[in-house]
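# Fold and geometry: a report
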Amino acid sequence: MGRDRSFQIKKIVGKHLCIRSYDFGALVNPDWIAKHYLKEFITKPNMKLDDFKDDIQKTFFCKVSKSQCRRAKIRIQTMIEGKLTQHYERLWDYANEITRSNPGSIVQLGVHVNLDGNYFHRFYVCFKALKDGWNRGCRRIFGLDGCFLKGKVKGGLLAAVGRDGNNHIYPIAWAVVDIENKDNWKWFIELLSNDLGLNGGMELSIISNQHKGLIEAVKEVLPHEEHRQCARHIYANLRKTYPSVVLKKLFWLAAKSTVEVQFTEHMNAIKGVGAYEHLMARNPRSWCRAFFASGKACEAVENGMSESFNSVIDKARKKPIITMLEEIRLYMMNRFNTMSKLHETWEGDICPSVPLKMEQVLETQADVDAEMVHETQSINDLRESGYTEDEIARCVAAEHTEDDEEEGIDETQPQVTIKKRRPSERIAKLGKKIDGLGSASENPLEIE
């Protein structure tokens with residue numbers, strides 16, 4: 001056969017009695033696995049390692065370790081999304097593409113300039129549709145929060161999340177930064193203030209956690225805003241020192257108190273359990289509902305808006321920067337489309353959550369009114385209890401005949417009963433008086 005690249009079979013054993021080996025050693029390596037599973041991961045990017053390992057054994061009849069699958073998955077992600085350095089090299093192009101395809105949107109990219117080159121510092125984006133939507137139909141409150149990136153390159157993602165007229169979350173702007181500190185928070189809030197025209201924070205409320213430098217940065221940029229602290233984080237810190245179920249109930253009763261007298265009663269109860277000084281040192285005016293400014297149509301005492309947004313983008317935070325930013329953008333596009341279709345099904349000029357909220361309030365008020373009448377036997381008693389004439393007229397009515405009108409009414413006698421209506425009927429009369437709670441005509445999803 002000479003030098004030909006061939007071989008010759010001298011003997012064939014047709015029947016094999018040996019046990020098949022599933023160990024292929026170096027033949028099945030992460031590069032080989034990545035090559036054969038590239039298309040599979042394009043359609044199933046979130047495949048778990050255990051499922052990946054089982055699929056390889058079923059398809060190719062070979063055993064691989066979990067670490068091999070992990071390295072193969074990293075190689076596949078690199079093949080699909082590109083290297084990390086390529087992502088940061090293309091950030092300028094990505095920023096230009098956003099401003100080209102979304103006129104009016106604001107994108108800011110900052111770098112550290114060193115002798116050996118430029119290094120990423122921070123990246124801010126606020127789409128025009130989100131900006132206009134917040135100004136047209138959202139409540140004058142938003143939450144500020146930051147979360148960690150979970151990929152190879154560490155950093156943080158800052159976000160501002162508001163509430164629309166239907167009491168749903170409304171992401172406004174976000175930024176990727178190298179580290180979460182006062183300088184980056186101040187930079188983010190300054191850009192946000194310029195985009196939304198916040199005018200120093202007049203008639204604005206902000207709710208946040210106690211992040212490093214956040215509260216100081218807000219006070220410098222928006223000195224006139226009402227700042228609320230997240231009650232959930234205050235309790236989380238409280239629980240470390242005072243782990244008590246009774247204290248937990250009393251704390252949330254105090255945080256959700258609607259009047260100062262009610263707050264004082266619950267805080268006096270906390271004195272017997274402990275932690276009174278700890279809570280009073282946290283400025284109750286920033287975490288108790290009784291002290292919040294009126295007109296914001298938002299009774300939230302915790303920053304659930306931002307926590308919900310962080311939960312939604314949890315998987316995206318594990319990916320390279322451009323892929324992460326694109327997934328957030330696509331999420332917002334899909335959300336706008338879904339909410340716009342939902343808006344088309346609404347009837348009337350008021351967002352659906354507002355009448356539901358009013359029904360709950362009126363149901364509660366009806367119970368309170370009924371309780372008040374059973375305890376009170378005359379109109380004078382109601383007046384002595386501190387109720388105004390308008391409150392008495394709204395809740396009760398004097399039962400008398402025409403003869404009573406001529407002879408006069410003795411207001412010391414029990415002359416009052418409740419006028420109870422179904423909540424839906426009461427809402428029909430109050431519907432035209434609802435103002436500032438968000439109407440369907442001002443829905444932020446109606447973007448031209």
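Scroll up to find the structure this text is about.
Residues numbered from 1 in each chain as written. Predicted model: local features only at pLDDT ≥ 70, side-chain atom pairs only at ≥ 80, totals over all residues. Heavy atoms only, no water.

### Description of the packing of helix H1 (residues 30-43) against helix H3 (residues 66-81)
This is how it is decided: What counts as an axis is a line fitted to C-alpha atoms, over the stretch in contact for a helix, and the angles between N-to-C directions run from 0 to 180 degrees. Numbering goes from the N terminus for both helices and strands, where a helix is a DSSP run of H or I of at least four residues and a strand is a run of E of at least two. Orientation categories follow fixed angle ranges, with anything under 35 degrees roughly parallel, anything over 145 roughly antiparallel, 65 to 115 roughly perpendicular, and all other angles oblique. Left-handed describes a crossing whose near helix is turned anticlockwise from the far helix through less than a right angle; right-handed describes the clockwise counterpart. Contact between two residues is taken to exist if any of their heavy atoms lie within 4.5 Å; hydrogens are not considered. Here the term charged refers only to Asp, Glu, Lys and Arg, the term nonpolar to Ala, Val, Leu, Ile, Met, Phe, Trp, Tyr, Cys and Pro, and the term polar to all other amino acids, Gly among them.
At a minimum axis separation of 8 Å, H1 and H3 run at an interaxial angle of 60 degrees. Judged by the inter-axis angle, H1 sits oblique to H3. Here the hand of the crossing between H1 and H3 comes out right-handed. Contacts between H1 and H3 pair Pro-30, Asp-31, Ile-33, Ala-34, Tyr-37, Leu-38, Phe-41 and Ile-42 from the former with Gln-68, Arg-71, Ala-72, Lys-73, Arg-75, Ile-76, Met-79 and Ile-80 from the latter. A class-by-class count of the residues in the contact of H1 with H3 yields eleven nonpolar, one polar and four charged.

### Quick notes on the packing of aromatic side chains
Put simply, the rule reads: Any two rings among Phe, Tyr and Trp, with Trp reduced to its six-membered ring, count as a pair given centres within 6.5 Å; such a pair is stacked if its planes are under 30 degrees apart, edge-to-face if over 60, and tilted if neither. In this analysis the charged atom, NZ for Lys or CZ for Arg, is taken to sit over a ring once it is within 6 Å of the ring centre and within 35 degrees of the ring normal.
Scanning the entire structure with this criterion turns up 18 aromatic pairs. Between Trp-32 and Phe-60, the ring centres sit 4.9 Å apart and the planes meet at 70 degrees, which makes this aromatic pair edge-to-face. One end of the pair, Trp-32, is in helix H1; the other, Phe-60, is in helix H2 (residues 49-60), and 28 residues separate them in sequence. Judged by centre distance (5.0 Å) and plane angle (70 degrees), the ring pair of Tyr-37 and Phe-52 falls under edge-to-face. In this pair, Tyr-37 is assigned in helix H1 and Phe-52 in helix H2, connecting sequence segments 15 residues apart. Here a set of aromatic residues connected by ring pairs shows up, and it is made of Tyr-235, Phe-251, Trp-252, Phe-263, Trp-287 and Phe-291. The ring of Tyr-276 is capped by Lys-271, whose NZ or CZ atom sits 4.8 Å from the centre of that ring.

### Looking at unusual backbone geometry
Backbone geometry at Phe-61 places phi at a positive 55 degrees, although glycine is not the residue there. The topology assignment puts Phe-61 in the loop between H2 and H3. Phi at Asn-283 is positive, roughly 55 degrees, even though this residue is not glycine. By the element assignment, Asn-283 lies in the loop between helix H12 (276-280) and helix H13 (304-312).

### Let's talk about the environment of Tyr-119
Within the fold, Tyr-119 resides in strand S2 (residues 117-126). For the pair formed by Tyr-119 and Glu-89, sequence separation is 30 residues and the distance between their alpha carbons is 9.8 Å. When neighbours within four sequence positions are excluded, Tyr-119 is seen to be in contact with Val-111, His-112 and Asn-114.

### Quick notes on the sheet that holds strand S7 (residues 226-229)
Put simply, the rule reads: Two strands pair if DSSP finds at least two bridges between them.
On the basis of which strands lie adjacent, the open sheet formed by seven strands has the order S1-S2-S5-S4-S3-S6-S7 and mixed pairing. Edge positions in the open sheet fall to strand S1 (106-114) and S7, since each of these has one partner strand only. Each neighbouring strand pair of the sheet contributes to a mean axis angle of 20 degrees, computed without reference to strand direction. Across nine bridges, the pairing between S1 and S2 is antiparallel. Counterpart to Leu-109 in the pairing with S2 is Phe-123. Across the face of the sheet, helix H7 (residues 182-196) comes into contact with S1, S2, strand S3 (138-148), strand S4 (156-164) and strand S5 (169-177) while running at roughly 40 degrees to S2.

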